[in-house]
Amino acid sequence: MINSIDTNQLLTILDLSGVWAFAVSGALTAMQKRMDIFGILIVAFGTSFGGGTIRDILINRPVFWLHNETYLYILFIATPVAIIFRNYLQYLRKALFFFDTIGLGVYTVIGMQIGLTWGYSPMLGICLGTLTACFGGVVRDLLCSEIPLIFHREIYATICVVGGVAYTLMMYFGVSENVNVLVTMAGIIFTRFIVVRYNLSLPAIHLHDNMPHA
Amino acid sequence: MINSIDTNQLLTILDLSGVWAFAVSGALTAMQKRMDIFGILIVAFGTSFGGGTIRDILINRPVFWLHNETYLYILFIATPVAIIFRNYLQYLRKALFFFDTIGLGVYTVIGMQIGLTWGYSPMLGICLGTLTACFGGVVRDLLCSEIPLIFHREIYATICVVGGVAYTLMMYFGVSENVNVLVTMAGIIFTRFIVVRYNLSLPAIHLHDNMPHA
Amino acid sequence: MINSIDTNQLLTILDLSGVWAFAVSGALTAMQKRMDIFGILIVAFGTSFGGGTIRDILINRPVFWLHNETYLYILFIATPVAIIFRNYLQYLRKALFFFDTIGLGVYTVIGMQIGLTWGYSPMLGICLGTLTACFGGVVRDLLCSEIPLIFHREIYATICVVGGVAYTLMMYFGVSENVNVLVTMAGIIFTRFIVVRYNLSLPAIHLHDNMPHA
């Protein structure tokens, strides 16, 4: 059933969902900072387009939003909708987390897919997927002069890398591309929910000497 | 009269003025941070070249300052001149604001123009113009470890977008390109002066729930 | 003797050493922030690959680490090794400084070399070398939410520029390329040690008027 969909179509649908999700995530962060409508739009733009832009620049691919205006239209719809329904998003932190996580899963898989399609190895594909997924959040934090959510971002990156490895393994075991895309994406989203819900983290690397800041 | 000038020439002159203005703006910020001469030069470089660099990278155009050394020469003249005359720039905040605003107007129009010349739609042109104008300031703030002037930057971006829309409208109504370039630029500069002078701002979007920081 | 080595081979060896040195520098900074292993890996990645990536993007050269996986393998070896031996790096600040300085010297020369090879003028080569050397540290500071070490970074940049000028002069005086590469690199590393050891700095540019922050 799912294999009857063209993988490119599936990726396009997911890509547009990711743009939507990260635009909402950016808009919510900007509203917390009490920005005006253009400020919100710009943060949504940076959050939503930042990751894919750096991916496209790195592999010298035409920058996606400059060659398909659909992305901008989605941004211009998603942002006002997020503004209008902001008070229905009662539990804003949860909403932000929800959209952020969806964007994370979608962008990791898409970045990785594009990397593989362009002939890069799975290792480089994982790097590209992780960059695509994480860079938008970095831009959002910088634009909002947030103290960069480094601990969050770590969890981000860790989950992206693990998702990328899972994708590679499934690929080698012959899982069909569509199933692989959806399973990896769902896995990343699910894992992040679990990680945050149960407050999981990898052990931090401690230094024995306690010295002043370098 | 003004139509007898080649539009490319006009844009080149404006471009060089923009480089000068943003270089001074960067140098003034760096001097406020008591940097040494190389530090000042680097901040001037980032402020002045940052926006155009990201624009050229995005549309895969040769990066402007790597293909025309005039820009670097202007930087190397503008920065020491700003240092020498720093105490004549008595009201430094006003001087900074003045040069910053000129750079803003010039870079918006040039970014937009280049976008249109390269075959992008007006909507994408406006995005490119806004990016070109605003990115240098972001780099300056990051290099100077300023708390990013997000409220300023919002005004920035809002005015750039409005200027870009005005340019598009005048284009459709058949205003000659040179006049359009100059009017838009003057309009952006004028608007920013008014906005800051009368402390205007768009209403911020408020959230009803007051929750802790996400 | 040294001239019997192909300059490209010499540069490759130095490049890989630079990647190693900056990876360790990034990993040490991340460990000071008590990050987990993936966080450390990502900071090492950004520190080590940031400068060369921006250089390659600027001159539209294929991004180095996407076209030669050796760099990633070095990263994947250097980072765990730095983690394992972290407590042997007793004086961490000194170790960080040591690796950072080596990376600085290597990257300046390589950035400059690549710029010249691609047909850019010495002036642009110096700019590219300085960017290559300094950008990784900027990325590291941003990812670690360090207050950007702007004063350090100035010394950075100043030394890179001076090193680049020295390289250019030696080139004009007919010094063989290999000797030039090694002498410049050693000079940059030596100068930085001296500068930090004796706490040298260029005079800061003072402003007479003391006004509030713009």
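Residues numbered from 1 in each chain as written. Chains lettered and ligands numbered in written order. Predicted model: local features only at pLDDT ≥ 70, side-chain atom pairs only at ≥ 80, totals over all residues.

> Describe in detail the overall build of chain A, supporting the description with residues and values.
Secondary structure assignment for chain A yields seven helices and zero strands. The order of α-helices and β-strands along chain A, N terminus first, is α-α-α-α-α-α-α. Looking at chain A as a whole, 49% of its 214 residues are labelled buried. Considering only intrachain contacts with a sequence separation of at least 6, the fraction spanning at least 24 residues in chain A is 70%. (Helix = DSSP H or I, 4+ residues; strand = E, 2+ residues; numbered from the N terminus. Buried ≥ 20, exposed ≤ 12 C-beta atoms within 10 Å, placed from the backbone. Contact = placed C-beta atoms within 7 Å.)

> Mind laying out helix 3 (residues 70-84) of chain A, listing which residues take part and the relevant values?
All names here are of chain A. Taking 1.5 Å per residue as the helical rise, helix 3 with its 15 residues ought to reach 21 Å, and the 21 Å between its terminal C-alpha atoms agrees with that figure. Buried within helix 3 are the following residues: Tyr71, Leu75, Ala78, Thr79 and Ala82. Angularly, the buried residues of helix 3 cover 100° about the axis, an arc narrow enough to put them on a single face. Exposed residues lying more than 90 degrees from the buried face of helix 3 are Ile77 and Ile84. (Expected span 1.5 Å × (residues − 1). Arc of directions from axis to C-beta.)

> I'd love a proper account of helix 8 (residues 177-197) of chain B, names of residues and values included.
Residues and elements named next belong to chain B. Between the first and last C-alpha of helix 8 there are 30 Å, a value that for 21 residues agrees with the 30 Å anticipated at 1.5 Å per step. Of all the residues in helix 8, the buried ones are Asn180, Val181, Thr184, Met185, Ile188, Ile189, Thr191 and Arg192. The buried residues of helix 8 occupy an angular sector of 160° when projected down its axis, which confines them to one face. Opposite the packed face of helix 8, turned more than 90 degrees from it, sit the exposed residues Val179, Ile194 and Arg197. Downstream of helix 8 by one or two residues, Asn199 has phi in the positive range, about 60°.

> Residue-level account of the confidence of the model for chain A, with values.
All names here are of chain A. Residue-level pLDDT values for chain A average 81, and 86% of them are 70 or greater. Across chain A, the secondary-structure element scoring lowest on mean pLDDT is helix 6 (residues 150-172), at 78, and the one scoring highest is helix 3, at 92. Of the regions scoring below 50 in pLDDT, residues 209-214 engages in eight contacts with residues more than four places distant in sequence or in other chains. Scoring the predicted complex yields pTM 0.85 and, for the interface, ipTM 0.80. (pLDDT = per-residue confidence, 0-100.)

> Describe the packing of helix 1 (residues 7-32) of chain A against helix 2 (residues 37-58) of chain A, naming the residues involved and giving the relevant values.
All names here are of chain A. Running from N to C, helix 1 and helix 2 cross one another at 135°; their axes reach a closest spacing of 7 Å. Taken together, the axes of helix 1 and helix 2 lie oblique to each other. Crossing hand, helix 1 versus helix 2: right-handed. Note on element contacts: helix 2 touches helix 1 through Gly39, Ile40, Val43, Ala44, Gly46, Thr47 and Ser48, opposite Val19, Phe22, Ala23, Ser25, Gly26, Ala27, Thr29, Ala30 and Met31. (Axes fitted to C-alpha atoms, helices over the stretch in contact; angles between N-to-C directions. Parallel < 35°, antiparallel > 145°, perpendicular 65-115°, else oblique. Left-handed = near helix turned anticlockwise from the far one by under 90°.)

> Give me unusual backbone geometry: which residues, what numbers.
With a phi close to 60°, A:Asn60 is a non-glycine residue in the positive phi region. Summarising the element assignment, A:Asn60 is placed in the loop between helix 2 and helix 3.

> Lay out the packing of helix 2 (residues 37-58) of chain C against helix 5 (residues 122-143) of chain C in plain terms, naming residues and giving numbers.
Residues and elements named next belong to chain C. Packing of helix 2 against helix 5 brings their axes to within 7 Å, and their N-to-C directions diverge by 145°. When you trace helix 2 past helix 5, the crossing you get is right-handed. Facing helix 2, whose interface residues are Ile42, Val43, Gly46, Thr47, Ser48, Gly50, Gly51, Gly52, Ile54, Arg55 and Leu58, helix 5 presents Leu128, Leu131, Thr132, Ala133, Cys134, Phe135, Gly136, Gly137, Val139, Arg140 and Leu143. Looking at side-chain class alone, the contact of helix 2 with helix 5 contains 11 nonpolar, nine polar and two charged residues. (Nonpolar A, V, L, I, M, F, W, Y, C, P; charged D, E, K, R; others polar.)

> Just give me the short version of the nonpolar core, but keep the residues and values in it.
Ranked by size, the top nonpolar core spans 184 residues in total, and within it A:Ala27, B:Ala27 and C:Ala27 carry the most contacts. Setting aside anything within four residues of it in sequence, one finds B:Ala27 in contact with B:Ile40, B:Val43, B:Ala44, B:Thr79, B:Ala82 and B:Ile83. (Core = buried A, V, L, I, M, F, W, Y, C linked by C-beta atoms within 7 Å.)

> An account of the environment of C:Ile37 is requested, with residue identities and associated values reported.
Topologically, C:Ile37 is positioned in helix 2. Of the residues examined, C:Ile37 has 19 C-beta atoms within 10 Å and is grouped as partly exposed. Each C-alpha atom of the pair C:Ile37 and C:Ala27 lies 9.2 Å from the other, and the pair is 10 residues apart in sequence. When near neighbours in sequence (up to four residues on either side) are disregarded, C:Ile37 contacts A:Leu202, A:Ile205 and C:Ile83.

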